[in-house]
Amino acid sequence: MRTRSDSSEPDGTRPNFLPGLTARASGGNWFRGKLPRLFRSPRGQDTVNITSTTDGHHSPKDEEPQNVILTFEENLGLHKYSEASQLLIQREESLFGEITELDSLARHEEEVNDLAEDYGILKRNILQTLLQSLKADANTEALTSAVKAIYQEDKQDGLWRQTDRTRPGWRPNSWRELHDATLHNLVNERMDYPSTPSANQEGQSSVEAHIHSMGRQLKDDLLMVVEVVRNCYPPETDICNVYARLYHQTFSARLRKVADFGLEDKDCQFLLRWVNEYYPGLLQKPALASEINAEALGKLLPPELLEPLEEQYLSKQQHELMTYIRRVLEEAKEMWNNGQEPMREDGCYVSPVAYDIIQLVNGMVTSAKTVLGDLHKAQSITSKLNGLMQSFKTFQDEVMRQNKPNSKAFTKANLGNIEQFRDTLTKNGDLFLEDVRKDCLSVLTDMKESAHMYLLSPVHEVLKPQYRKLGTSDWLNKPLFEKLLVSIQAEIQELQGSKESCHQELMSKFHQEVTVEYVKRLLRGEVKLKDKERQDKAYVTVKNDAERLHSLFIKMGSKEDWLKEILIKIAEVLKLQELPAIQMQVASLGSAFPDLSEKHVSALLKLKTNFSRADRKTVKATLTDTLTVAGETSAPPFFSKVQVR
């Protein structure tokens, strides 16, 4: 049993001043000085009862409220751990200030043991408070005081390290390290036994439910730290990031164990979503993002574990995409083989092939980007799309080759598919690997060209007899071109059936091919323009033909306004008589259309039979000079399609 130390002071006298002792003020400061052993309570607790006297009588000030100094046990009972720590530190400084040698330490053994026991009691109380700190009903005042006590004890450890005096056996007590270890154990326990299971675990696998429960626990606890626990720590401790690192490391360790097992595809995707989507999204919540440095935490799983999971996920997604696309193409083939026509919308043939495939590609790549957190990896889902696009082309080639009664309808519907694919590859190129995108666009260009040729070749065959009359004397003297326009208009009706934008492209192609045929027939030189009168007549005829041809095709949907310009410039060359003027006109034509060749110019000038060979040579030289200095032009090729002898 501990007893009060004997006093060497005369009986009945008490000093009214204690060196180093300051009473606790209303502001919350505590004792910093040492209490002489004279004033220790029976359990070694520091207590002070100071009464001012004047000639043996109480001072009037005795009636005023005095600061009450609680004992160690009383402070513990009120969870005032910081104050309790201060009392123990004062006892420690007083006791070990008197102990200078080991033999002296032995004489104070009982007091040392009592103090060690009290430190053990305080430590257990503080640890218990730390373990309760994440509970909804946690005592924040107790936690604040416990944290303060830990930092006080840490400071006291530092002071003892700086002295050569005999130190207590419990120094250093390393409560900062104990605090960190306790938080680590606390986080481990809460993640091992989550108290917040998923609200709806129906349909979830055991892996999904386990990961989801841990994730919810992590979220709830970090919110508790940010909203409550943070206020119990000094700002410089950065306690939010301390907890964030502990939860990150613990969650990561648990997920590593999960990833080490062979996962089903569904579980694999769920795990990847937690790593790349749910967890980063959780840390970006405003309440957490303002206090937690998510970037410093890094990924939940290392590359060596992530890569096999990513490969498994991508392989599954790619297989599903390819299987679906093959099924869509097979359904279209079966429909064609059965003699069915594509459905119509607003009078136009339409096919769901492109829409269905595009929707799936867009959904899969967009989802994979989220699941993997990497667009380039997500794009690899489409790595085999160019091969399937080639299969689509093969199907269209077969449709056109067999030329069944429903082949034209399917080809017109496919023009819509081609346009949709092309628009997606152009406007949403981030869905595809670049080499795949380019390959697919090349295949689609070939498909469109072959579809146009398939639809237009029979039309040109019908118009061929009238083409033959262009550039002849009858063409110059009779209204033959009017009949050609009527025939063209009739054939255009047969070309209807593709969606409006596709029909416009088809009409533009038709417009260009008719214009090429017109120039090709004219440059054959069957008509002889011997004098100015016939040359003027040819000018008027070509100019009028250009106007009417342009008017018809623009009305039918063509967007090729530039084709009229070619015919007008040719007409101007036929009308002009002066060599310099002809040189300027040919130079203008060559600048606008750099694929104009000397052969084309020579054939055109030969129509003017009164134009000398020397003049033709001069004009051709002018063209050569013009093409030499001509810069880049956006003009589409035209004359390269006009073959001349």
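Computed from a predicted structure; not experimentally measured. (Residues numbered from 1 in each chain as written. Predicted model: local features only at pLDDT ≥ 70, side-chain atom pairs only at ≥ 80, totals over all residues. Heavy atoms only, no water.)

Turning to the overall build of the protein, a few remarks are in order. Tallying secondary structure elements over the protein gives 25 helices and four strands in all. Here the protein holds 645 residues, and the buried ones make up 46% of them. Intrachain contacts of the protein at a sequence separation of at least 6 include 74% that bridge at least 24 residues. By element, 50% of the accessible surface of the protein is carried by carbon and sulfur atoms, the whole surface being about 33100 Å². (Helix = DSSP H or I, 4+ residues; strand = E, 2+ residues; numbered from the N terminus. Buried < 20%, exposed > 50% of the residue type's maximum accessible area, 1.4 Å probe, protein only. Contact = heavy atoms within 4.5 Å. Areas by Shrake-Rupley, 256 points an atom, 1.4 Å probe, with all protein chains shown as cover.)

Here the protein averages 87 in pLDDT, while 87% of its residues score no lower than 70. Ranking the helices and strands of the protein by mean pLDDT puts helix α16 (residues 407-427) first, with 97, and strand β1 (residues 53-54) last, with 40. Here residues 1-61 is modelled with pLDDT under 50, and outside its nearest four sequence neighbours on either side it reaches 96 contacts, counting other chains as well. (pLDDT = per-residue confidence, 0-100.)

A word on helix α22 (residues 562-575). Between its terminal C-alpha atoms α22 stretches 21 Å, which fits the 20 Å expected from 14 residues at 1.5 Å a residue. Among the 14 residues that make up α22, ten are buried, leaving the element largely enclosed by the rest of the structure. Among the residues of α22, those classed as buried are Trp562, Leu563, Ile566, Leu567, Ile568, Lys569, Ile570, Ala571, Val573 and Leu574. Looking at the buried positions of α22, the neighbouring elements they touch are α20 (500-522), α21 (532-556), α23 (579-592) and α24 (598-606). (Expected span 1.5 Å × (residues − 1).)

Time to look at the packing of aromatic side chains. How two aromatic rings sit relative to each other is given by the distance of their centres and the angle of their planes. Taken as a whole, this structure holds 19 aromatic pairs when the rule is applied. Centre to centre, the rings of Tyr119 and Trp170 are 5.5 Å apart; their planes meet at 40°, and the pair counts as tilted. Linking Tyr119 in helix α4 (residues 109-131) with Trp170 in the loop between α5 (140-161) and α6 (175-192), this pair joins segments that are 51 residues apart in sequence. Owing to a relative accessible area of 4%, Tyr119 belongs among the buried residues under this scheme. Centre to centre, the rings of Tyr119 and Trp175 are 6.2 Å apart; their planes meet at 80°, and the pair counts as edge-to-face. Of this pair, Tyr119 sits in helix α4 while Trp175 sits in helix α6, placing them 56 residues apart in sequence. We classify Trp175 as buried; its relative accessible area is 5%. Cluster of aromatic residues (ring-pair linked, three or more members): Phe96, Tyr119, Trp160, Trp170 and Trp175. Here the guanidinium or amino end of Arg344 rests over the ring plane of Tyr349, the centre of that ring lying 4.0 Å away. (Phe/Tyr/Trp six-rings, centres within 6.5 Å; stacked < 30°, edge-to-face > 60°. Lys NZ or Arg CZ within 6 Å of the ring centre and 35° of its normal.)

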